[in-house]
Amino acid sequence: MVLMGRGNATRAAAAPAAAIVVALSLSPALMAAARAADDKPMVMKIALATLDDVLHQYAKNYAAAIEKDSGGRIKVEIYPASQLGSIQRQAEGVQFGAIQCQIVAPEFLVGIDERFEVLAAPGLVTSMAQGQRLAADPEVRKLMLGLGADKGLHGAALMMSTPSSVIAKAPIRHLPDFKGKKIRIFASQFEAVTMRRLGATPKPMTLAEVLPALLDNSIDAAVSALTIFGPLHFASAAKYITEIGQPAIFGIVEISRKWYDSLPADLQQIVDKDATTESVAINPQAIAIDDGARKAWLAGGGELISLPDDEQASLLKIVAGVGDEVSNAKPELSAAYKVVTEAAQRVH
């Protein structure tokens, strides 16, 4: 048993009271600090591989809408041109919550779900307008935005970006010019089979790898969007662009499920609503960006090539059936391909 003197007992009894007085005296400051912490905006990082193209413009529009509609409660930071790593690293960052949003061609997410590549089927759409209508189709949106839901992703929007073009070190003016060439493709079996049918060797690469590969002759040409060739300085490696138009390049907006679930309900609604609204609002800008990119490429000394009409028709015949060939052996991919092909017919 410990005996305590009168003075010690008095001091011990007074200590809690003193602590309460101190706490009360500090509480306004503490409360102010707590309020400041609560008022601090949430950061939303948007990552993408491209620069000054349709997807980048969408990111800017989306960011402005979110900041406005959230009253500044969400602060958006945009990181184009693979600043936050390769497309795969960006996707992993979104899955684990380090990055809040990625805007990317969906076929680059096939490692998460193989159905992400279904919109890369050649011949699916033949114009920007048809692609824009397809991206807005409710069944297509339901399919594409639901992919990856069990893998850390929350699909928020889908849009048509641009038709494909091929940039090459030597001009591709006719179908036989594809033969024997090593051509970069997206991470898509649809594109791989297409290139093999044209007699080329497909080389899957992320966007950041393409320019170095052209410069060191690892590849002869690359499939991508005409809108990014100028901003990413591809003219330093190649000046010939053949506008084959196939496949269409779409963009998908994926939100980190971990981050999304941490938001209050009203901010979740803003994130979703603005994503959808801006995916439609971008359509006229997308056409203008594409037209501007073509003019800029010509003004910079590059050349734009179209296959002769009969050869373009032959190309479409050659790639017809690629979708069935790739998807038939995979039930889930086949079902997804059926959804998008039926929708493409509806919106033709």
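Residues numbered from 1 in each chain as written. Predicted model: local features only at pLDDT ≥ 70, side-chain atom pairs only at ≥ 80, totals over all residues. Heavy atoms only, no water.

Trainee: Help me get a handle on the pairing of strand β3 (residues 101–104), residues and values and all.
Mentor: Side chains of β3 alternate between two faces, with Cys 101 and Ile 103 and Gln 102 and Val 104 buried alike. Both strand β1 (residues 42–47) and β3 contribute to a ladder of 2 bridges, which runs parallel. Bridge pairing in β3 places Ile 46 opposite Cys 101. As paired elements, β3 and strand β9 (residues 248–256) share 4 bridges and run antiparallel to each other. Its bridge partner lying in β9, Gln 102 is registered against Glu 254. (Buried < 20%, exposed > 50% of the residue type's maximum accessible area, 1.4 Å probe, protein only. Helix = DSSP H or I, 4+ residues; strand = E, 2+ residues; numbered from the N terminus. Pairing = 2+ DSSP bridges.)

Trainee: Summarise the pairing of strand β4 (residues 153–168); cite the residues concerned and give the values.
Mentor: Judged by how many residues are buried, β4 sits mostly within the fold: 15 of 16 residues are covered. Bridge analysis of β4 against β9 gives 9 bridges, and the strand direction is antiparallel. If you follow Thr 162 over to β9, its bridge partner there is Ile 249. Sheet topology places β4 next to strand β7 (residues 221–225); 5 bridges connect them, and they run antiparallel. Pairing of Ser 165 across the sheet is with Ser 224, part of β7.

Trainee: Describe in detail helix α3 (residues 87–96), supporting the description with residues and values.
Mentor: Within α3, burial applies to Ile 87, Gln 90, Ala 91, Gly 93 and Val 94. Buried residues of α3 fall within an arc of 160° about the axis and therefore sit on the same side. Looking at the packing, one finds that the buried side of α3 touches β1, β3, β4, α7 (207–215) and β9. Two residues or fewer after α3 comes Gly 97, characterised by a positive phi angle close to 95°. (Arc of directions from axis to C-beta. Contact = heavy atoms within 4.5 Å.)

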